[in-house]
Amino acid sequence: MRPCVSSAGFSLAAILLATAGTAQSVDYAALQATMGEPVTTSVTGKPQRASETPASIEIITRDQIERSPAHDVPGLLKTYAGVDVNRWLAGQTDVAVRGGVQTYNPRLLVLVNGRQVYLDHYGMTDWNLLGVQLEEIQQIELVRGPATALFGFNAASAVINIITVSATQASSLVTAGEIGTHGYSRLSAVTTLPIGHNVGLRLSAGHQRENERGFPANQASPSDKSGVKRDEVDATLEASPGARTHLTINGGYSTNHQLELLPTQVPTRQDYEAMVGGVRADRDTDWGSVTGGVYANWLDVHFGAVHSGATNFDAEQLKNRIVVADASALVRLGLNNVLRIGAEYRNNRLEGEALFTPRVHYGVWSGSAMLDLHPTDKLALTFAGRLDHFSLGTGGAIRLPAANEVSDYDRKFTRPSFNAAALLQLGGAGQIRINGGLGYQIPSLIDFGVRIPIIPLVPIPGVPTILLTGAPDLRPVAVWSGEIGYTKSLSDATKLDVTVFYSKTKNAIGSPGEALTVTPSFIGGFALVTRFANAGDFRTAGVELSLNGIVGPHLSWRTNYSFTDTQEHLQPIDVLALAPGTTTARHKANIELGYRQDRWFATTVLRYTSATHQLGDSAAGQVMLFKVEPALAWDQKIGVQLGRATLTLTGENVTGASGAAGSPIPADRRILAGVKFGL
Amino acid sequence: MLAVPTAAADLNLPVATRVVSFLQPTPEGVIPAAVIYEPGNAASEAEAASIEHAGTLVAGKGTLRLKRVPVGALGGLAGVRVAFVTSGLREAHAQIAAAASRQSILTITSDMSCVQAGHCAVAISSSPRVQITVSRSAAKAANVQFGSAFLMLVKEI
């Protein structure tokens, strides 16, 4: 018997989030130009030069984005050490840092200007629902390792913070268009408009379409294979009503329609509609700065439509609303030390028919502190801690038969998280970085509260209702991590970074696998129940080696290698569908060469990924592991600037390596032509 | 007053100009600025000439309007908001600091000794990478304030 629904895919993880702890208004472009390197607040909450952060960090700059063959944010991330980017289908991509990648990947907190774009209903990121155009990104910050002490729940394995250009910059208009094979087309427009004195408005809009990839004969193939279609608009108003006060108001609306592999790998159709709105105020003081804000994200998703072979399931509508309010202060202590204190409240609510009650919700109260000390010029010490208090609840009448009593959902727990780091400057332009931390992923609202009757493919007389349900007693997923890094400038133009890391993920959450384990329930009737559950532990350990440099006035290069060993102690995949030990590539290597002269530029990227096995849904409807072949992929972009226009020609996976996407659905080769026009 | 030429590097003018944009409140429009130099001091004169010939200096929403001020005629600093202190003026640092304090002038130099002595507000070094040092006492004496984000990225002494 096999669950006949996408419901089987209502598995895995999710989280709730925490808000960004970024404090005060930071002019990233101006500070980068001044310091000669990017600046970030995503490591400790205080502004820091990229070379002085006590964590393993990558900052992808605006210039790198423009020259990269990548046409989206995951594509930009995939060439960096320790990053797994798996493009399961044309529109569905998951990003994982230091192993453990899965569909609907949790534990990676994704933010836009400190506002989460991570989706709490299922605990995942839809990279086509970011509401951001590439042309408005100032920089993309990737911080490896847990950052829960700063950002709260879900920043358990890494954080990605996408920073957009300031709305108060000079008047500008950038429009871009790309068209390519496989029905790919993308249009975007971004404008910044000064409005009066110290007030600026940034408007952006985008549209993208892309055909779905071809499904191999041995895997489940949905009858509806219509492609990706996304649209988005966003507006941001920035103002400085006083000499030391900065105000930001943001709102946006996005839609995305695409096929996705659920955590059980069942290919399903998802229709997302999202709205965001928020306001943030920053105030500089003589002793530091204070910041505060509130924002809300609304998500309306028609979820899990499956019309594939014997599986026939109409979409469930889920509505998720999250409200976050936070405040923090950065206090300069003495000459070069900083204390950060913060408080936050978030309220997260999921509504829909496929839940234990019409509404499942939780609230999280948080308090945090960070101390950044510089006892000498050569040594920096950072300590950060946070306490999150979680309370779960329900609303409305219980749906019967049920797997739990309402009182089971009256649950509270408190979790502490921390980061500690030391950064030691050595002679000869070298430095050693040691850090460790504990972060948490908490179960998603689906993990807690889903309730879906599973209909056997062949009705069996006398067999009672089988319910796929959440579990209110799920334990949060704890991620312990430590790393030692060594960075050295080998010359004025060449830099080396070596990092050794270890990470342990405890109580990973899995969805029911093929062999349904059921227990009887007599609450409001008789039913057999299969549940989300803590599947066990896994750990990753490895080495990341990065080297980059410049040769002469025209040529830049960057290369990295990652070795990741993943060991799991989990239940079998037919019990709980989770297999990080086989889905994580052991070896990855990237080489990027950039050339620029006068009006011309060219970027070549070579990516190697060793073989993996990824979970997939077979044509017979069985969840199993499919081999993904080792891949050497070649991406290429060539561009020329003609006046205010830039023309580009891009090839993705020119080598046609089937495993280049890291998906059981083979990757294809794509050619794109683009034009960008700026005023 | 005679100053001893030093081997201090020329001021990193692009960075020095950007530093001005982090002042609080943010200066806008035309920003009167001075290049303090010593006539007859080859190094100082060369640096002053280099600064003068750098072209339009845009500092955020403002533009610097430069003039030369000889170290022996600091009265010429009247009305100036920013002063670039050329190297080789060590013996005049105290007098420059006094003038800057009286007239609330931000002083910027490549001569670290001026900042270490608390006479100049900002020193900029460029090798092997940009390093900005701010003298809290000199900045306070000149009633100069920077944004907190900027101060968290520099070294304060």
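Throughout this document, residue positions are counted from 1 along each chain, in the order its sequence is written. Think of it this way: whatever chain is written first is A, whatever ligand is written first is 1, and the rest follow in order. Under the rules for a predicted model, residues below a pLDDT of 70 receive no local features and side-chain atom pairs below 80 are neither given nor counted, while totals for whole chains, interfaces and linings still include all residues.

**Student:** Can you explain the overall build of chain A? Please cite residues and give values.
**Tutor:** The secondary structure content of chain A amounts to six helices and 38 strands. Each radius of gyration reported is based on C-alpha atoms, and the globular scaling rule is 2.2 Å times the count of residues to the power 0.38. The globule rule puts the C-alpha radius of gyration for 679 residues at 26 Å, and the 24 Å found for chain A is close to it. Overall, the C-alpha framework of chain A stretches about 75 × 50 × 50 Å when taken along its three principal axes. Exposure criterion: with C-beta atoms placed from backbone coordinates, a residue whose C-beta has 20 or more other C-beta atoms within 10 Å is buried, one with 12 or fewer is exposed, and one in between is partly exposed. A buried classification covers 54% of the 679 residues belonging to chain A. Here the contact rule is simple: place C-beta atoms from the backbone, and any two residues whose C-beta atoms are within 7 Å are in contact. In chain A, of all internal contacts separated by at least 6 residues, the share reaching a separation of at least 24 is 67%. Each helix is a run of DSSP H or I of at least 4 residues and each strand a run of E of at least 2, with the numbering of both proceeding from the N terminus.

**Student:** Give me the overall build of chain B: which residues, what numbers.
**Tutor:** Within chain B, the regular secondary structure consists of six helices and eight strands. Of the regular secondary structure in chain B, the N- to C-terminal order runs α-β-α-β-β-β-α-β-α-β-β-α-α-β. Across its three principal directions, the C-alpha atoms of chain B cover 40 × 30 × 30 Å. For chain B, the proportion of its 157 residues judged to be buried stands at 52%. Within chain B, contacts between residues at least 6 apart in sequence are counted, and of these 66% link residues at least 24 apart.

**Student:** An account of the interface of chain B and chain A is needed here, citing residue identities and associated values.
**Tutor:** On the chain A side, the residues contacting the 20 residues of chain B number 25 residues. Split by residue class, the side of chain B that touches chain A holds 10 nonpolar, five polar and five charged. Residue classes follow a fixed rule: Ala, Val, Leu, Ile, Met, Phe, Trp, Tyr, Cys and Pro count as nonpolar, while Asp, Glu, Lys and Arg count as charged, and any other residue, Gly among them, counts as polar.

**Student:** Please give an account of the sheet that holds strand β6 (residues 122–125) of chain B that cites residues and values.
**Tutor:** Residues and elements named next belong to chain B. Across the sheet, which stays open at both edges, the eight strands sit in the order β2-β3-β1-β4-β5-β6-β7-β8 with mixed pairing between neighbours. Pairing within the sheet leaves two strands with one partner each, and these edge strands are β2 (57–59) and β8 (155–156). For helices, the fitted line uses only the C-alpha atoms of the stretch in contact; every axis is such a line through C-alpha atoms, and the angle between N-to-C directions lies from 0 to 180 degrees. Packed onto the sheet, helix α1 (residues 13–20) meets β1 (29–37), β2, β3 (62–70), β4 (82–85), β5 (106–109), β6 and β7 (131–134) and runs at close to 35 degrees relative to β2. Strand pairing follows a simple DSSP-based rule, namely that at least 2 bridges must link the two strands.

**Student:** If you had to explain the environment of leucine 679 of chain A to someone new, which residues and values would you point to?
**Tutor:** Looking at the element boundaries, leucine 679 of chain A is found in the segment after β38 (670–678). Leucine 679 of chain A sits 488 residues away from threonine 191 of chain A along the chain, and the two C-alpha atoms are 9.2 Å apart.

**Student:** So what about the pairing of β38 of chain A? Which residues, and what values?
**Tutor:** Residue and element names in this part refer to chain A. As paired elements, strand β10 (residues 172–180) and β38 share seven bridges and run antiparallel to each other. Within the sheet, the bridge partner assigned to glycine 180 lies in β38 and is leucine 672. For strand β37 (residues 645–652) and β38, the ladder comprises eight bridges, and the chain directions are antiparallel. Each bridged residue has a counterpart across the sheet, and for leucine 647 the counterpart in β38 is valine 675.

**Student:** Before we move on, could you go through the nonpolar core and cite the residues and values that matter?
**Tutor:** For our purposes the nonpolar core covers buried Ala, Val, Leu, Ile, Met, Phe, Trp, Tyr and Cys residues that link as a set through C-beta atoms within 7 Å. If you look at the biggest cluster of nonpolar residues, it comprises 171 residues, and the most contacted ones within it are Ile162 of chain A together with Ile36, Val82, Ala83, Leu106 and Val122 of chain B. Top element by residues in this core is β1 of chain B. It accounts for six residues. Those residues in contact with valine 82 of chain B that sit more than four places away from it in its chain are Val20, Ile31, Ala33, Leu64, Ile105, Leu106 and Ile108 of chain B. Counting 11 residues, the second largest nonpolar core, distinct from the first, contains Leu89, Ala90, Val228 and Leu259 of chain A.

**Student:** Tell me about unusual backbone geometry, and please be specific about residues and values.
**Tutor:** Cis geometry marks the peptide bond from leucine 400 of chain A to proline 401 of chain A, where omega comes out at -5 degrees. Summarising the element assignment, proline 401 of chain A is placed in the loop between β21 (379–395) and β22 (411–426). In this structure, proline 128 of chain B follows serine 127 of chain B across a cis peptide bond, with omega equal to 5 degrees. By the secondary structure assignment, proline 128 of chain B is in the loop between β6 and β7. At histidine 182 of chain A, a position not held by glycine, the phi torsion is positive, near 60 degrees. Looking at where histidine 182 of chain A falls in the secondary structure, it is placed in the loop between β10 and β11 (185–194). Phi at asparagine 507 of chain A takes a positive value of approximately 65 degrees, unusual for a residue other than glycine.

**Student:** Provide a residue-level description of helix α2 (residues 42–52) of chain B, including the pertinent values.
**Tutor:** Residue and element names in this part refer to chain B. Those residues of α2 not exposed but buried are Ala43, Ser44, Glu47, Ala48 and Ile51. For α2, the angular spread of buried residues about the axis comes to 130 degrees, placing them on one side. Buried-residue contacts for α2 involve α1, β1, β3 and β4. The arc in question is the one traced by the directions running from the helix axis out to the C-beta atoms.

**Student:** Quick rundown of the confidence of the model for chain A? Include the residues and the values.
**Tutor:** Residues and elements named next belong to chain A. Looking at chain A as a whole, the pLDDT averages 90, with 94% of positions reaching at least 70. For chain A, the element scoring lowest by mean pLDDT is strand β17 (residues 311–313), at 58; strand β33 (residues 600–609) scores highest, at 98. One number per residue, pLDDT, summarises how confident the predictor is, and it ranges from 0 to 100. When the criterion is pLDDT under 50, residues 1–24 qualifies, and its contacts beyond four places in sequence or with other chains add up to 143 contacts.

**Student:** Any details on the sheet that holds strand β28 (residues 519–521) of chain A? Residues and values, ideally.
**Tutor:** Where strands meet in a sheet, backbone hydrogen bonds hold them as pairs that are either parallel or antiparallel. Residues and elements named next belong to chain A. The mixed open sheet is built from four strands, whose spatial order is β24-β25-β29-β28. The open sheet terminates on both sides in strands that have one partner only, identified here as β24 (451–454) and β28. Direction aside, the axes of adjacent strands within the sheet are offset by 40 degrees on average. Inspection of the sheet shows β24 paired to strand β25 (residues 465–469) by four bridges, in the antiparallel sense. For proline 453, the partnering residue across the bridge sits in β25 and is leucine 467.

**Student:** Mind laying out the environment of glycine 393 of chain A, listing which residues take part and the relevant values?
**Tutor:** All names here are of chain A. For glycine 393, the position within the fold is in strand β21. Separated by 91 residues in the primary sequence, glycine 393 and isoleucine 484 have C-alpha atoms spaced 41 Å apart. In contact with glycine 393, not counting residues within four places along its chain, are His361, Tyr362, Tyr409 and Asp410.

**Student:** Any chance you could break down the pairing of strand β23 (residues 430–441) of chain A for me, citing the residues and the numbers?
**Tutor:** All names here are of chain A. Across nine bridges, β22 lies against β23 in antiparallel orientation. Paired with leucine 426 across the two strands is glycine 430, which belongs to β23. Counting the residues that bridge the hairpin from β22 to β23 gives three residues, and of these glycine 428 lies at a positive phi of roughly 70 degrees.

**Student:** Please set out the packing of helix α1 (residues 28–35) of chain A against α1 of chain B residue by residue, giving values where relevant.
**Tutor:** Between two packed helices, both the angle of their axes relative to each other and the distance between the axes serve to describe the pair. At a minimum axis separation of 8 Å, α1 of chain A and α1 of chain B run at an interaxial angle of 145 degrees. Our pair here, α1 of chain A against α1 of chain B, has a crossing hand that is left-handed. Within the contact between the two elements, α1 of chain A uses Ala30, Ala33 and Thr34 of chain A and α1 of chain B uses Val15, Arg18 and Val19 of chain B. A crossing counts as left-handed when the near helix is turned anticlockwise from the far one by less than a right angle, and as right-handed when that turn is clockwise.

**Student:** Please set out the confidence of the model for chain B residue by residue, giving values where relevant.
**Tutor:** Residue and element names in this part refer to chain B. When pLDDT is averaged along chain B, the result is 89; 94% of the residues meet or exceed 70. Here residues 1–8 is modelled with pLDDT under 50, and outside its nearest four sequence neighbours on either side it reaches 26 contacts, counting other chains as well. Taken over the whole predicted complex, pTM reads 0.92, whereas the ipTM for its chain interfaces reads 0.90.

**Student:** An account of α1 of chain B is needed here, citing residue identities and associated values.
**Tutor:** Counted residue by residue, α1 of chain B has six buried out of eight residues, so it is predominantly covered. By the burial criterion, the buried members of α1 of chain B are Val15, Ala16, Thr17, Arg18, Val19 and Val20 of chain B.

**Student:** Quick one: what's the story with the environment of isoleucine 523 of chain A, residue by residue and with numbers?
**Tutor:** Residues and elements named next belong to chain A. Residue position: isoleucine 523 is located in the loop between β28 and β29 (527–531). Note on isoleucine 523: 16 C-beta atoms within 10 Å, which makes it partly exposed. For the pair isoleucine 523 and asparagine 404, spaced 119 residues apart in sequence, the C-alpha to C-alpha distance is 7.0 Å.

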